[in-house]
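Inside the fold
Here is how the chains run, residue by residue.
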Amino acid sequence: TCSLLTEYKLSVSPEMDIMEYCRKEWRGNTPAAKRMRKGYEAVAQKFASIRRIRGDNYCAFRATLFQALSQATQLPSWLMNEDFTMLPENLLSQYDWIKQWQLKQKPGKKMGDISDEIKEYLMLLREKWKNLSEIKGPMEKQEACDKLFKNEEEEYSLYEALKFLMLSTAIRLYNDGRNGRRVPVFSWLLFARDTSSNPCQLMHNHLNHIGHSIGLEQVEMFLLAYALQYTIQVYRLYKYSTDEFITLYPSDPEEDWPVVTLITEDDRHYNIPVRMCQETMV
């Protein structure tokens, strides 16, 4: 194949020095360019390189999952749960509207019972996470991770699993809120939107379109973090020198949640910083 084509298909580009990348992208002397350069300099205090994430509406999923898998050393407890793969059946038996879940189109494949399809995606997520967490050597782990994100069919199936986990998490939070249990602040914000006042609307107006025509909004970044039980730390470069420059989803993370780090220039597209500088490693 022509190299240009394969390069475009790369979901996660090879490493590049952060400051070199910044100089290439932000040459001018506008206030925006200066702010971006300052932002990248701050990231470069902690990380040596950047990897560009392919820019489609899945980039928040791609960046988060790539980071989680490339540093996975064990299966998260929710993935080990026996009921994990039963989720689609269990939820569909309670909520008929989930039948309208928009599965990624598979040309020529008749849509069977969506719970079987989704179950397949969830099992794939568990299998990949398990395999990657068992690889000890950092180089081998990185290679295996790169390889996974070059397989389009599998990659998009994993995002489908993440979306379903977000729906399942949203249903749980919504019910907790209605039953007077304590829920995180973002949950109130999520269901305060006109377009997602309940999980059914969230599915129809948001989750069904993520990846196809829209990306993740900020409040959905919180939902993704809760679904994975990971803290997503984001350097938001255009917010440099404000207290939102480094934003955590969730803002008050659980102590034992692992952390993944992303970079964004605009809250729409996400890239990933890699290679922590030696002196900052605790």
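Residues numbered from 1 in each chain as written. Predicted model: local features only at pLDDT ≥ 70, side-chain atom pairs only at ≥ 80, totals over all residues. Heavy atoms only, no water.

1. A word on the overall build of the chain
Under the convention used in this document: Put simply, DSSP H or I for four residues or longer makes a helix, DSSP E for two residues or longer makes a strand, and each gets a number counted from the N terminus. Each radius of gyration is computed over the set of C-alpha atoms, and the globule rule expresses the reference value as 2.2 Å times the number of residues to the power 0.38. Only four residue types enter the charge count, namely Lys and Arg as positive and Asp and Glu as negative; His and the chain termini do not. For the purpose of locating charges, the reference atoms are NZ of Lys, CZ of Arg, CG of Asp and CD of Glu.
A count of helices and strands for the chain gives 12 helices and 6 strands. The C-alpha atoms of the chain give a radius of gyration of 19 Å, which matches the 19 Å a tight globule of 282 residues would have. Each principal axis of the C-alpha distribution contributes one length, and for the chain these read about 55 × 45 × 35 Å. The centroid of the 36 positive side-chain charges in the chain is displaced by 3 Å from the centroid of its 39 negative side-chain charges.

2. A short note on the environment of Asn179
Our working definition: A 1.4 Å probe rolled over the protein chains alone gives each residue an accessible area, and that area as a share of the maximum for its type sets the label: buried under 20%, exposed over 50%, partly exposed in between.
Checked against the element boundaries, Asn179 lands in the loop between helix H9 (152-178) and helix H10 (185-192). The class of Asn179 is exposed, set by a relative accessible area of 54%. Considering only alpha carbons, one finds Asn179 and Asp116, 63 residues apart in sequence, at a separation of 31 Å.

3. Brief notes about the UniProt feature "active site" (unreviewed entry) in the chain
For clarity, the threshold we go by: UniProt positions are given in the numbering used here, feature names are shortened, and annotations may be inferred rather than shown by experiment. Contact definition: two residues touch when any of their heavy atoms are within 4.5 Å. Think of a polar contact as two N or O atoms within 3.5 Å of one another; within protein, one of them needs to be a possible hydrogen donor and the other a possible acceptor, and neighboring residues in sequence only count if both atoms come from side chains.
In the numbering used here, UniProt assigns the "active site" (unreviewed entry) feature to Asp56, Cys59 and His269. Over a stretch of 214 residues, the named residues converge on one spot in the fold, their C-alpha atoms separated by at most 8.2 Å. Along the chain, Asp56 turns up in the loop between strand E2 (47-51) and helix H4 (59-70). With residues up to four places along the chain from it excluded, the contact list for Asp56 reads Arg62 and Tyr156. Among the polar contacts made by the side chain of Asp56, one reaches the main-chain amide nitrogen of Tyr58 at a distance of 2.9 Å. Within the secondary structure, His269 sits in the loop between strand E5 (259-264) and strand E6 (270-276). Assessed through its relative accessible area of 25%, His269 is described here as partly exposed. Those residues within four positions of His269 in sequence are excluded, and the remaining contacts are Ile53, Arg54, Gly55, Cys59, Ile263 and Thr264.

4. Some details on the nonpolar core
For clarity, the threshold we go by: For this analysis, a nonpolar core means a set of buried residues of the types Ala, Val, Leu, Ile, Met, Phe, Trp, Tyr and Cys, connected via side-chain atoms within 4.5 Å.
Residues Ile98, Leu125 and Trp129 are the most contacted members of the largest nonpolar core, which totals 76 residues. The leading source of residues in this core is H9, at 13 residues. Leaving out residues up to four positions away in the same chain, Ile98 has contacts with Leu91, Leu92, Ile114, Phe164, Leu167, Ile171 and Met203. If you look at the next biggest cluster of nonpolar residues, it comprises 13 residues, including Ile18, Val43, Phe47 and Ile263.

5. Quick word on the pattern of salt bridges
Short version of the rule: Put simply, a salt bridge is a Lys or Arg side-chain nitrogen that is within 4 Å of an Asp or Glu carboxyl oxygen.
In the structure shown here, the tally under the stated rule is 17 salt bridges. Through salt bridges with shared partners, a single ionic network connects Arg236, Lys239, Glu244 and Asp267.

6. Some points on the packing of H4 against H9
For the record, the criterion: Simply put, an axis is a line fit to the C-alpha atoms, just over the touching stretch for a helix, and the angle between two N-to-C directions goes from 0 to 180 degrees. Comment on the angle field: the value is read as roughly parallel under 35 degrees, roughly antiparallel over 145, roughly perpendicular from 65 to 115, and oblique elsewhere. Residues are grouped as follows: Ala, Val, Leu, Ile, Met, Phe, Trp, Tyr, Cys and Pro are nonpolar; Asp, Glu, Lys and Arg are charged; all remaining types, including Gly, are polar.
As a packed pair, H4 and H9 sit with axes 10 Å apart at the nearest point and diverge in direction by 95°. Accordingly, the angle class assigned to the pair H4 and H9 is roughly perpendicular. Contacts between H4 and H9 pair Phe61, Arg62 and Leu65 from the former with Glu155, Tyr156, Leu158, Tyr159, Leu162, Lys163 and Met166 from the latter. Class assignment for the residues of the contact of H4 with H9 results in 7 nonpolar, no polar and 3 charged.

7. Details of the UniProt feature "site: Linear diubiquitin binding" (unreviewed entry) in the chain
With numbering matched to this structure, UniProt assigns "site: Linear diubiquitin binding" (unreviewed entry) to Glu244. With respect to the secondary-structure elements, Glu244 resides in the loop between strand E3 (231-236) and strand E4 (246-249). Judged by relative accessible area, Glu244 falls into the partly exposed class, the value being 35%. Residues contacting Glu244, with those up to four places away along its chain left out, are Arg236 and Lys239. At a separation of 3.4 Å, a polar atom in the side chain of Glu244 contacts the side chain of Arg236.

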